[in-house]
Amino acid sequence: MFQLTVPGMGYLEHGRSSSTDIKEGARIELPLWMAEILAIGGISDELPTGFITVSTPAPFNSKVLNALSADPVNVYLRGQSMHFYKFAERWLAMTGDDALLDTIMDTFRARAAIVNDHAHNTRSALMTDRSEFLGTLDQTEIALFKAAHEASKDLKKWTTVNK
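Just so it is clear, the model here is predicted, and its values are computed rather than measured. (Residues numbered from 1 in each chain as written. Predicted model: local features only at pLDDT ≥ 70, side-chain atom pairs only at ≥ 80, totals over all residues. Heavy atoms only, no water.)

A. Structural detail: the overall build of the protein. Scanning the protein from terminus to terminus reveals seven helices and zero strands. Listing each helix as α and each strand as β along the protein from the N terminus yields α-α-α-α-α-α-α. Here the protein, with 163 residues, has 31% of them falling under the buried criterion. Restricting to contacts in the protein with at least 6 residues of sequence separation, those with at least 24 account for 52%. Total accessible area on the protein stands at roughly 10300 Å², and carbon and sulfur atoms take up 57% of it. (Helix = DSSP H or I, 4+ residues; strand = E, 2+ residues; numbered from the N terminus. Buried < 20%, exposed > 50% of the residue type's maximum accessible area, 1.4 Å probe, protein only. Contact = heavy atoms within 4.5 Å. Areas by Shrake-Rupley, 256 points an atom, 1.4 Å probe, with all protein chains shown as cover.)

B. Molecular detail of the packing of helix α4 (residues 84–95) against helix α5 (residues 98–120). α5 packs onto α4 with a crossing angle of 160° between their chain directions and a minimal axis gap of 11 Å. When the axes of α4 and α5 are compared, the pair comes out roughly antiparallel. Handedness of the α4/α5 crossing: left-handed. Mapping the contact onto sequence places Phe 84, Tyr 85, Ala 88, Trp 91 and Leu 92 in α4 and Leu 100, Leu 101, Ile 104, Thr 107, Phe 108 and Arg 111 in α5. Tallied by class, residues from the contact of α4 with α5 come to nine nonpolar, one polar and one charged. (Axes fitted to C-alpha atoms, helices over the stretch in contact; angles between N-to-C directions. Parallel < 35°, antiparallel > 145°, perpendicular 65-115°, else oblique. Left-handed = near helix turned anticlockwise from the far one by under 90°. Nonpolar A, V, L, I, M, F, W, Y, C, P; charged D, E, K, R; others polar.)

C. Main features of the pattern of salt bridges. All told, the structure shown has four salt bridges when counted by the stated rule. Measuring nitrogen to oxygen at the nearest pair gives 2.5 Å for the salt bridge that ties Arg 111 to Glu 141. With Arg 111 in helix α5 and Glu 141 in helix α7 (residues 139–161), this pair connects stretches of sequence that are 30 residues apart. Both residues of the pair, Arg 111 and Glu 141, count as buried. (Salt bridge = Lys/Arg side-chain N within 4 Å of Asp/Glu carboxyl O.)

D. Main features of the packing of helix α2 (residues 62–70) against α5. Running from amino to carboxyl end, α2 crosses α5 at an angle of 45°, the nearest separation of the two axes being 9 Å. Put simply, α2 runs oblique to α5. Where α2 crosses over α5, the two elements pack in a sense that is left-handed. Where α2 approaches α5, its residues Leu 65, Leu 68 and Ser 69 are matched on the opposing element by Leu 100, Thr 103 and Thr 107. Within the contact of α2 with α5, the residues separate by chemical class into three nonpolar, three polar and no charged.

Laid out in structure tokens, this is it:
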């Protein structure tokens, strides 16, 4: 929410021209990089908090966090954000929310174990649902899967050569 009227920035609101102003109290969805800049405090003595106040993004709302706390493995993270963990990292840098950090870390630990399991068990019953499983992962988890899968292949090759 904007804390003051900003002249000539109406183009940030969908469908408005650049000649219009953003009024104080206006709620506009902004990219995180822009929100970070505009939320910096100490702009003036009259405005010690920054141009905007930020609301919790949808991927970190209470409904999602409750689902992650209950069963992190079965939450469709990619549907929340393709870059869920990177987004969380940036959001946590802004907010310093320890409870969110704990939930994200617990989620990553639980899901990393499953990702590792899928990466190492290429010929098991897991194979039947691999594409479905991979479609639920965010980009960090996909990179983890690829690294674990390559490590597994390299280990098998090494043990075959060194028999």
